[in-house]
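What follows is each chain in one-letter form.
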Amino acid sequence: MSDMPVTVRLSKPAMVIFDVGETLIDETGIWHRIAARFGIPPFTVSAVAGIALTRGLGFREILEELARFSDLPVETWRSPDLLDVGLDDLYPDVVPAFGNLQSGGIKIGICGNQPQSTEDVLSRLPINIDWMSSSARLNLRKPDPAFFNALIDQTGIDAQDILYVGDRLDNDIYPAIRHGMQASWLLRGPWAFAQWHENRDVPDIHISRSLNRLANHLINDLID
């Protein structure tokens, strides 16, 4: 299946800004740590997360419900090490895709709903990142319009020359488009699956199934 529906066209961006969780970072390790901390089998945690996603609950709400289910204080999930990630958690297509984009003259940005510690991890990538921030640094969270305004203001790049890539329609794709950016919906991770299952025929949305294929499309198929 093609990455791009024929009704959707991108223009070559000056910068691609990437969401983090389930876009760059495989969060499987986080969910396993959550299961261990709450004393729940990983399969049960996965099932609970899946049910919650179909009901429109976000990450925080899922963790709060798991804490209640385990008869633990709701704040248990806020333990500093619980949501930590490392470079080993990167999806394998991240570094090759970034290298491809940079070789084609496209700048790379990173910003998602993440703690500032995630910035420290991603700063160790073997690829120069042109701009990076986080919800913690901005003190703003998606899908707040102010979050996307900050991306435009801080990068100094016109909205139409930014491509935002993320795994969620509600948090990433629709808000980016409303702010005049281009957007590409990355179909991977549980949130993407849940929303794809409910919205299989989404009009006027560019769809990607891997960062490598997206980077190849932006470099090889589009004209400046």
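Definitions and cut-offs
Residues numbered from 1 in each chain as written. Predicted model: local features only at pLDDT ≥ 70, side-chain atom pairs only at ≥ 80, totals over all residues. Heavy atoms only, no water. Helix = DSSP H or I, 4+ residues; strand = E, 2+ residues; numbered from the N terminus. Rg over C-alpha atoms; globule rule 2.2 N^0.38 Å. Buried < 20%, exposed > 50% of the residue type's maximum accessible area, 1.4 Å probe, protein only. Contact = heavy atoms within 4.5 Å. Areas by Shrake-Rupley, 256 points an atom, 1.4 Å probe, with all protein chains shown as cover. Lys, Arg positive; Asp, Glu negative; His and termini not counted. Charge placed at Lys NZ, Arg CZ, Asp CG, Glu CD. 1 Å grid on protein atoms, 1.4 Å probe; cavity = no way out; pocket = protein on both sides within 12 Å on 5 of 7 lines; lining within 4 Å. Points joined across faces, edges and corners; volume = space filled by probe spheres on them. Nonpolar A, V, L, I, M, F, W, Y, C, P; charged D, E, K, R; others polar. Salt bridge = Lys/Arg side-chain N within 4 Å of Asp/Glu carboxyl O. Polar contact = N/O pair within 3.5 Å; in protein donor to acceptor, adjacent residues only side chain to side chain. pLDDT = per-residue confidence, 0-100. Core = buried A, V, L, I, M, F, W, Y, C linked by side-chain atoms within 4.5 Å. Pairing = 2+ DSSP bridges.

*Asks:* Is there a simple way to explain the overall build of the chain in this structure?
*Replies:* Along the backbone of the chain there are ten helices and six strands. The C-alpha radius of gyration of the chain comes to 17 Å, within 12% of the 17 Å expected for a compact globule of 224 residues. With the C-alpha coordinates aligned to their principal axes, the bounding extent of the chain is approximately 55 × 35 × 30 Å. Here the chain holds 224 residues, and the buried ones make up 51% of them. Considering only contacts within the chain whose residues lie at least 6 apart along the sequence, 64% involve residues at least 24 apart. Total accessible area computed for the chain in this model is approximately 10,800 Å², and 52% of it derives from carbon and sulfur atoms. Across the chain, 19 positive and 30 negative side-chain charges occur, with their mean positions spaced 1 Å apart.

*Asks:* Would you take a moment to explain the layout of surface pockets for this structure?
*Replies:* Picture a little ball the size of a water molecule; that probe, rolled over the atoms, points out where space is still empty. Quantified by volume, the second largest pocket comes out at close to 170 Å³. Every residue lining the second largest pocket is listed: Glu22, Asp26, Thr28, Trp31, His32, Ser46, Ala49, Gly50, Leu53, Tyr91, Pro190 and Trp191. Of all the secondary-structure elements, those providing two or more residues to the lining of the second largest pocket are α1 (28-38), α2 (42-54) and α9 (190-198). Of the residues in the lining of the second largest pocket, the class split is six nonpolar, four polar and two charged.

*Asks:* Help me understand empty space enclosed by the protein, please; the structure alone is not making it clear to me.
*Replies:* In the structure shown here, the tally under the stated rule is one cavity of 30 Å³ or more. In this structure, the largest cavity spans a volume of roughly 30 Å³. Around the largest cavity sit Val20, Ile110, Gly112, Gln114, Thr118, Glu119, Leu122, Met132, Ser133 and Ser134, which together line it. The dominant element in the lining of the largest cavity, judged by the number of residues it contributes, is helix α5 (residues 116-122), at three residues.

*Asks:* What is the right way to read the side chain of Asp89 from this model?
*Replies:* As for its placement among the helices and strands, Asp89 is situated in the loop between α3 (59-69) and α4 (94-103). Here Asp89 occupies a buried position and makes no salt bridge, while the nearest side chain of opposite charge, Arg33, is found at 5.0 Å. Polar contacts involving the side chain of Asp89 include one to the main-chain amide nitrogen of Gly86, which spans 2.9 Å.

*Asks:* Whenever I open this one, the environment of Gly104 confuses me. Can you help?
*Replies:* On the secondary structure map, Gly104 appears in the loop between α4 and β2 (107-110). On the basis of relative accessibility, which here comes to 23%, the residue Gly104 falls in the partly exposed class. C-alpha separation for the pair Gly104 and Glu64, spaced 40 residues apart in sequence, amounts to 43 Å. Apart from the residues lying within four places of it in its own chain, the contact partners of Gly104 are Lys12 and Ile219.

*Asks:* How should the confidence of the model for the chain be read in this particular structure?
*Replies:* As a note on interpretation, predicted positions should not be read in detail where pLDDT is low. Confidence in the prediction of the chain, expressed as mean pLDDT, is 86, and 90% of residues score 70 or more. Every residue in residues 1-7 is under pLDDT 50, and counting partners more than four places away or in other chains gives 18 contacts.

*Asks:* Sorry, what's going on with the nonpolar core here?
*Replies:* A general tendency of soluble globular proteins is for nonpolar side chains to be buried together. Residues Phe18, Leu24, Trp31, Leu66 and Phe98 are the most contacted members of the largest nonpolar core, which totals 44 residues. Not counting chain neighbours up to four residues away, the residues in contact with Leu24 comprise Phe18, Asp19, Asp89, Leu90, Tyr91, Val94, Phe98, Ile110, Leu122 and Leu211. Listed in part, the 25 residues of the second largest apolar core include Trp131, Ala176, Trp185 and Ile205.

*Asks:* I tried to follow the pairing of strand β5 (residues 182-186) on my own but got confused; where do I start?
*Replies:* If a strand is regular, its side chains alternate between the two faces of the sheet. By the criterion of burial, β5 is predominantly enclosed, with five of the five residues buried. Because side chains alternate across β5, one face comprises the buried residues Gln182, Ser184 and Leu186, and the other comprises Ala183 and Trp185, equally buried. Here strand β4 (residues 162-166) runs beside β5; their pairing, made up of four bridges, is parallel. Looking at the pairing, Gly166 lines up with Trp185 of β5. One ladder, built from three bridges, connects β5 with strand β6 (residues 206-208); its direction is parallel. Looking across to β6, one finds that Ser184 is bridged to His206.

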